[in-house]
Amino acid sequence: MANKLVVLGIPWDVDTEGLRQYMSKFGPLDDCVVMKERSTGRSRGFGYVTFSSEEDAKNALESEHVLGNRTLEVKVATPKEEMRGPVKKATRIFVARIAPSVTEAMFRSYFETYGVITDLYMPKDQGSKGHRGIGFVTFDSADSVDSIMAESHELGGSTVVVDRATPRNDDMRYPSRMAQGGYGAYNAYISAATRYAALGAPTLYDQFGSAYGRGYFGPSRGMGRKIFVGRLPQEASAEDLRQYFGRFGRIVDVYVPKDPKRSGHRGFGFVTFADDGVADRVSRRTHEILGQE
């Protein structure tokens, strides 16, 4: 057995020395490192340890590990892992386009049918005292997220947009609730499709004010011109979107992102109208393109 092990799930505040101190109790180490982001110097949540003795490495591999109230996963390091780093399945989801009538209790009650919830948060709108139409749910198992992503969801009589909250770009920063539990980091995990569902597809409950209308996304002026179109059938093209939505107003841009892993698109698109208010009218009704709602 190899002496080099990969350690997953390392707490973000544990550095190389902290990992060395912990793993050294299993035996002398030849090397130890916590991997960091090149641009920021922050921990990537995993690292490698090399034991002097194969027996010590085997003992560490067979033991259970808890560091900083987090359970570590220890495996034999392979060249593939070193090149790509570990991939952890998401246990957290981001939910957009939540109707104003949906309360936090209703939100929790709906999603807890998919598994045990360890954390839940619905950002509040300081102006209206209601929520901002988005929410976050963390489960104790990635299987819950897989089950959720396999279905469509409706809350308060409206279809909601659900996306896995997985790390995509740790350098990005969006409006946060850092003082209330670090949810600012969640925003960096949201895919482009879901960001537009929450911020680029205007509805009565998507018109964010305050922090959600400024900062990274720029001024809120003009947000009533762009819509996000989800559940787009694979046979639908940008021209199909242009022809269908063109009946509601003059269109200045249509974009359907391509899927780099296959020849088709990614199942969603964006339409930008020339005039203010058109997107608001469009978003208040359901639509069907090539037989799919």
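Look a little higher up for the structure.
All of these numbers come straight from a predicted model, not from anything done at the bench.

Draft legend 1. Representation of the pairing of strand β2 (residues 29-36). Here six bridges tie β2 to strand β3 (residues 43-51), and the two strands are oriented antiparallel to one another. Bridge pairing links Val33 to Tyr48 in β3. Between the antiparallel neighbours β2 and β3 lie six residues, among them Gly41 with a positive phi of about 80°.

Draft legend 2. Fine view of the pairing of strand β10 (residues 158-164). Of the strand pairs in this sheet, strand β6 (residues 92-96) and β10 are connected by four bridges, and their pairing is antiparallel. When the sheet's bridge partners are listed, Ile93 is paired in β10 with Arg164. Bridge count between strand β9 (residues 153-155) and β10: three bridges; the pairing is antiparallel. Of the residues in β10, the one forming a bridge with Leu155 is Ser158. Between the antiparallel neighbours β9 and β10 lie two residues, among them Gly156 with a positive phi of about 60°.

Draft legend 3. Up close: helix α2 (residues 54-62). What α2 keeps buried is the set Asp56, Ala57 and Ala60. Across the axial projection of α2, the buried residues extend over an arc of 100°, all falling on one side. Every exposed residue of α2 that faces more than 90 degrees away from the buried side is listed here: Glu55 and Glu62. Check the buried side of α2 and you find it contacts β1 (4-8), α1 (16-23), β3, β4 (65-67) and β5 (70-76). Measuring from the side-chain oxygen of the N-cap residue of α2 to the backbone nitrogen of Glu55 gives 3.1 Å; that N-cap residue is Ser53.

Draft legend 4. Highlighting the packing of aromatic side chains. Going through the model one piece at a time under the given rule, you end up with 14 aromatic pairs. Pairing Tyr110 with Phe111 gives two aromatic rings, centres 4.9 Å apart and planes at 85°, and the pair type is edge-to-face. Given the relative accessible area of 22%, Tyr110 is considered partly exposed. We classify Phe111 as buried; its relative accessible area is 0%. Ring centres of Phe228 and Phe270 lie 5.8 Å apart, and the angle between their planes is 50°; on these two criteria the pair is classed as tilted. Taken together, the positions of Phe228 in strand β11 (residues 226-229) and Phe270 in strand β13 (residues 269-273) put the pair 42 residues apart, joining distant regions of the chain. Comparing Phe228 with Phe270 shows no difference in burial state: the two are buried. Grouping aromatic residues by their ring pairs yields a cluster made of Phe107, Tyr110, Phe111 and Tyr114. Just above the ring of Tyr48 sits the side chain of Lys4; from NZ or CZ to the centre is 5.2 Å.

What counts and what doesn't
- Residues numbered from 1 in each chain as written.
- Predicted model: local features only at pLDDT ≥ 70, side-chain atom pairs only at ≥ 80, totals over all residues.
- Heavy atoms only, no water.
- Pairing = 2+ DSSP bridges.
- Helix = DSSP H or I, 4+ residues; strand = E, 2+ residues; numbered from the N terminus.
- Buried < 20%, exposed > 50% of the residue type's maximum accessible area, 1.4 Å probe, protein only.
- Arc of directions from axis to C-beta.
- Contact = heavy atoms within 4.5 Å.
- Polar contact = N/O pair within 3.5 Å; in protein donor to acceptor, adjacent residues only side chain to side chain.
- Phe/Tyr/Trp six-rings, centres within 6.5 Å; stacked < 30°, edge-to-face > 60°.
- Lys NZ or Arg CZ within 6 Å of the ring centre and 35° of its normal.

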